[in-house]
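Below, each chain spelled out in residue letters.
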Amino acid sequence: MEGKEQTDDEVLQGMLSRRFNYAKAQRTSTYHHSFRTKSRWELVRLSLLIVGIECTYATETAFVAPILLAIGLPHTIMTMMWAMPPIVGVLFVPVVASVSDRLRFSWGRRRPVLLVLGIAMLLGMMLLPHGRLIGETIGLRSVAWIATITTIGLTTTDFSAEASNGLCRTYAMEVCTIQDQARVLSTMMLIGGMGGMLGYMFGAIDWSALPIGQYFESNEAAVFTANWIVLLVGLVNTLSSFAEIPLPVQERDELLRPVTHWMLQNEVKRIRGDEYAAQTTLTESIGFRQFVRNTVQMPRSMKILCLTQFLSHMGYLPYCLYFTDFVGAEVFNGDVQAPEHSAPFVRYEEGLRFACWGMALFAGCASLYSLVIEKLIDRVGARPVYVFGLMVHCVGMLAMGFLRNKVIVLLCCSLTGIMYATIYSIPFLLISHYHSKNSFHMEDGKFVESSTPRGFGADVSMMSSVLCLAQLIVSLVMGVLIDAAGTTTVITFVAGGCSLLAAASAMTVLYMGL
């Protein structure tokens, strides 16, 4: 048979071509874009929400700790305030992803949830820098109330950003062909890094010295307002980029279902005369009970991947959350709780802006490394790239802790950028790879097909859940360690140790030839 001579790529092109022409002939639908290759600009537009999210992360990590310390909170209490978002995230991020897997709205499954989360992020960003002003306006002037209002803004923003991060990637991969999925992930990593760099550069600017600064009550308020605008533009552009194919339409019409790796494998089997080729079904829309079962009874490969991602975030988050305070206090010998305009306070402010430039360098390096990480994986394989990305962060953190030099700080920030690009690309590629094979373990070098349906969106959300768990632990423990040691330098040693453990765990991850 002639069909036996077709390669997998030729079979895929035939499937996409049939569905593209069929969808285009349906005058009432605009779904044909799901069956064609996207241009680079279209991938950028799909990724603009990630720019806003990364910009938000940057502003949060640079300013939340100084804002809470300036209120008058000690390090132990300040770090515990960071525990609220991960508590909410661990409980509800997987639930949000599971609900989105089953939504039957005409607007799709992912975009309605992203819209709600985006609005919540925008509201949280309005609360965060204005906790003191809001408290004084409504008569709640105590430190406890001001800290509570600020924490509500932090929790709303951080939870919504984390839930949106995974869902945005899921949405983008679902409206792209399977050939474009790696491209859209690398595009998100590239311009997401630019978003982070933009957020840190906002923080590095002395807004009070600019004419526009007179319109804001503080430097922090100006930074958060600039971030708010970036987030709004990214949200509108991504949600208006491409229509999703609603779940009822996919159930009703097989030719309007996005082509998945599983469907491609079945088609190849059918063409080659495999009488056991499975009928194409929708396996991603799983019920909540099945979702809970999948979470509790994860395949060993997913457990190891989640453990590696958890340890990776345990290595990254101490740097991410407390770096600006470390630079202001230890590198510049400043004090955020000193009287305003005093020499220690001024040195701390200078250190804060210097730290923002360092984190802008970190975000820029993450973007640049994301351009080559796919080529590196093709050349040497995912395992060496994964382990290398984690080890350079380990070395950088230890060097920063021992030397505390401005030049070393900037150099180590660039190394952390390599690690960040690694942990936000390879785990997602591996999950896509597992689902593409419908296999989560191997025997005698062969893929073993899974008989249990697993939601792709829910599995992607597990990466967000382990981030929330890591942030919870870091938030509860790090302040105690800092107060016990009497120095924020301890964050660098914790980060280096956890990254070393993550690299060891990455050696045992199932790569399936990636």
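Everything quoted here is computed from the prediction, not taken from an experiment.

Rules used in this analysis
- Residues numbered from 1 in each chain as written.
- Predicted model: local features only at pLDDT ≥ 70, side-chain atom pairs only at ≥ 80, totals over all residues.
- Heavy atoms only, no water.
- Domains from an automatic or database assignment.
- Contact = heavy atoms within 4.5 Å.
- Polar contact = N/O pair within 3.5 Å; in protein donor to acceptor, adjacent residues only side chain to side chain.
- Helix = DSSP H or I, 4+ residues; strand = E, 2+ residues; numbered from the N terminus.
- Nonpolar A, V, L, I, M, F, W, Y, C, P; charged D, E, K, R; others polar.
- Buried < 20%, exposed > 50% of the residue type's maximum accessible area, 1.4 Å probe, protein only.
- Expected span 1.5 Å × (residues − 1).
- Salt bridge = Lys/Arg side-chain N within 4 Å of Asp/Glu carboxyl O.
- Phe/Tyr/Trp six-rings, centres within 6.5 Å; stacked < 30°, edge-to-face > 60°.
- Axes fitted to C-alpha atoms, helices over the stretch in contact; angles between N-to-C directions.
- Parallel < 35°, antiparallel > 145°, perpendicular 65-115°, else oblique.
- Left-handed = near helix turned anticlockwise from the far one by under 90°.
- Core = buried A, V, L, I, M, F, W, Y, C linked by side-chain atoms within 4.5 Å.

By the assigned domains, the chain splits into domain 1 (37–242) and domain 2 (289–513). Its C-alpha centre places domain 1 at a distance of 18 Å from the equivalent point of domain 2. With 51 residues of domain 1 at the contact, the number on the domain 2 side is 50 residues. In this structure, the connection of domain 1 to domain 2 is made through 8 residue pairs in polar contact (both at pLDDT 80 or more). Taken together, the elements giving at least two residues each to the side of domain 1 that touches domain 2 come down to helix H2 (40–71), helix H3 (75–81), helix H4 (84–102), helix H7 (143–174) and helix H8 (181–204). Looking at the side of domain 1 that touches domain 2 element by element, the count peaks at 14 residues for H8. Considered class by class, the residues forming the side of domain 1 that touches domain 2 number 29 nonpolar, 15 polar and 7 charged.

Here asparagine 333, not a glycine, exhibits a phi torsion of approximately 55 degrees, which is positive. In this model, arginine 404 sits at a positive phi of 50 degrees, which is unusual for a non-glycine residue. For arginine 404, the location among the structural elements is in the loop between helix H15 (382–403) and helix H16 (406–423). Classification of arginine 404 by relative accessible area gives partly exposed; the value is 38%.

The residue serine 312 is located in helix H13 (residues 300–331) in this model. Those residues in contact with serine 312, other than ones at most four positions away along the chain, are Leu390, Met419, Ile423 and Ala502.

Taking 1.5 Å per residue, 17 residues should reach 24 Å; helix H19 (residues 490–506) reaches 25 Å between its end C-alpha atoms and fits that length. Listed in full, the buried residues belonging to H19 are Val490, Ile491, Thr492, Ala495, Gly496, Cys498, Ser499, Ala502, Ala503, Ser505 and Ala506.

In the structure shown here, the tally under the stated rule is 8 salt bridges. Glutamate 42 is paired through a salt bridge with arginine 36; the nearest N and O atoms lie 2.9 Å apart. The buried category is assigned to glutamate 42, whose relative accessible area is 17%. Here glutamate 244 makes a salt bridge to arginine 111, at a shortest N to O gap of 3.8 Å. Residue glutamate 244 is found in the loop between helix H9 (219–239) and helix H10 (247–252), and its partner arginine 111 is found in helix H5 (residues 111–127); the two are separated by 133 residues along the sequence. Taken individually, glutamate 244 and arginine 111 each receive the classification buried, so the pair is uniform in this respect.

Our next topic: the packing of aromatic side chains. Inspection of every chain in the model, using the stated rule, returns 12 aromatic pairs. The interplanar angle of 70 degrees and the centroid separation of 5.8 Å between the aromatic rings of tyrosine 319 and phenylalanine 362 together place this pair among those described as edge-to-face. Highlighted residues: tyrosine 319 in helix H13 and phenylalanine 362 in helix H14 (residues 343–380), separated in sequence by 43 residues. With respect to class, tyrosine 319 is no different from phenylalanine 362; both count as buried. When the ring of phenylalanine 332 is compared with that of phenylalanine 354, the centres are 5.4 Å apart and the planes differ by 50 degrees; the resulting orientation is tilted. Of this pair, phenylalanine 332 sits in the loop between H13 and H14 while phenylalanine 354 sits in helix H14, and the two are 22 residues apart along the sequence. The same class applies to phenylalanine 332 as to phenylalanine 354, namely buried.

The next subject is the environment of threonine 156. Along the chain, threonine 156 falls in helix H7. Along the primary structure threonine 156 and glycine 213 are separated by 57 residues, whereas in three dimensions their C-alpha atoms are 27 Å apart. Other than its neighbours up to four places away in sequence, threonine 156 contacts Ala120 and Gly124. Looking at threonine 156, its side chain comes within polar contact range of the main-chain oxygen of isoleucine 152, at 2.8 Å.

So, on to the packing of H2 against H7. For the pair H2 and H7, the least separation of the axes is 10 Å and the interaxial angle reads 160 degrees. Here H2 lies roughly antiparallel to H7, going by the angle between them. At the point where H2 passes H7, the crossing takes the left-handed sense. In the contact of H2 with H7, the residues fall into 17 nonpolar, 5 polar and 5 charged.

Tracing the sequence through the fold places leucine 122 in helix H5. Owing to a relative accessible area of 9%, leucine 122 belongs among the buried residues under this scheme. Expressed as a C-alpha distance, the spacing of leucine 122 and cysteine 468, which sit 346 residues apart in the sequence, is 20 Å. Apart from the residues lying within four places of it in its own chain, the contact partners of leucine 122 are Trp228, Leu231, Leu232 and Leu235.

The subject of this paragraph is the nonpolar core. In this structure, Leu46, Tyr319, Phe323, Val327 and Phe362 are the most contacted members of the largest nonpolar core, which totals 143 residues. Counting residues per element, this core draws most heavily on H2, which supplies 19 residues. Looking at which domains feed residues into this core, each of domain 1 (37–242) and domain 2 (289–513) gives three or more. Sequence-distant contacts of leucine 46, that is, excluding residues within four places in its chain, are made with Cys168, Tyr171, Ala172, Val175, Cys176, Val184, Met188, Thr238, Ser241 and Phe242. Of all hydrophobic cores here, the second largest spans 17 residues; its members include Phe35, Val259, Met263 and Ile271.

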